Amino acid sequence: MNKKIILIGVIAVLILSLVIVFTVFKHDYRPATLDGDKCFTYTQDCTCFGSLLVMESFPLQYNCQGLEFCEEINVTECD
């Protein structure tokens, strides 16, 4: 009986840890290129699990220091 309680506690702590990691260290971003004066073209829709470095450039550039999942898109937005 006592071992079952410890096992359930360990499993609960592991699940809670995974939930915290996937919510705190999850970053969504879209790399973009500048087209003309006021138009941005987004080529990917990405999710990074881990540390995300944002470069000081225009348009912004990103460097994921963990697991990165990207989906190809083609969206243009103009002001």
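Here the structure is a predicted model, which is why all the values come from computation and not from measurement.

Colleague: Looking at this model, I keep getting lost on the environment of valine 75. Mind explaining?
Modeller: The topology assignment puts valine 75 in strand E4 (residues 61-78). If sequence neighbours within four positions are ignored, valine 75 has contacts with Phe40, Thr41 and Tyr42.

Colleague: What's the story with the state of the cysteines in this structure? I'm lost.
Modeller: Inspection of every chain in the model, using the stated rule, returns 3 disulfides. Each disulfide pairs two cysteine sulfurs, and for cysteine 39 the partner residue is cysteine 78, the sulfurs being separated by 1.9 Å. Across the disulfide from cysteine 39 to cysteine 78, rotation about the S-S bond amounts to roughly 110 degrees, and the bridge is consequently right-handed. Placement of cysteine 39 in strand E3 (residues 39-55) and of cysteine 78 in strand E4 is noted, with a sequence separation of 39 residues between them.

Colleague: When you look at the pairing of E3 in this model, what are you seeing that I'm missing?
Modeller: Sheet faces and side chains relate simply in a regular strand, where the side chains alternate between the two faces. Where strand E1 (residues 26-29) lies against E3, 4 bridges are found, and the strand directions are antiparallel. Bridge pairing in E3 places aspartate 28 opposite threonine 47. Relative to E3, strand E2 (residues 32-35) runs antiparallel, the two being bridged by 4 bridges. Bridge assignment links threonine 33 to a residue of E3, and that residue is threonine 41. Between the antiparallel neighbours E2 and E3 lie 3 residues, among them glycine 36 with a positive phi of about 75 degrees. In terms of strand pairing, E3 meets E4 through 16 bridges, oriented antiparallel. Note on E4: the bridge partner recorded for threonine 47 is phenylalanine 69.

What counts and how
- Residues numbered from 1 in each chain as written.
- Predicted model: local features only at pLDDT ≥ 70, side-chain atom pairs only at ≥ 80, totals over all residues.
- Heavy atoms only, no water.
- Helix = DSSP H or I, 4+ residues; strand = E, 2+ residues; numbered from the N terminus.
- Contact = heavy atoms within 4.5 Å.
- Disulfide = S-S within 2.5 Å.
- Pairing = 2+ DSSP bridges.

Note that all results are geometric; they support no functional claim without further evidence.
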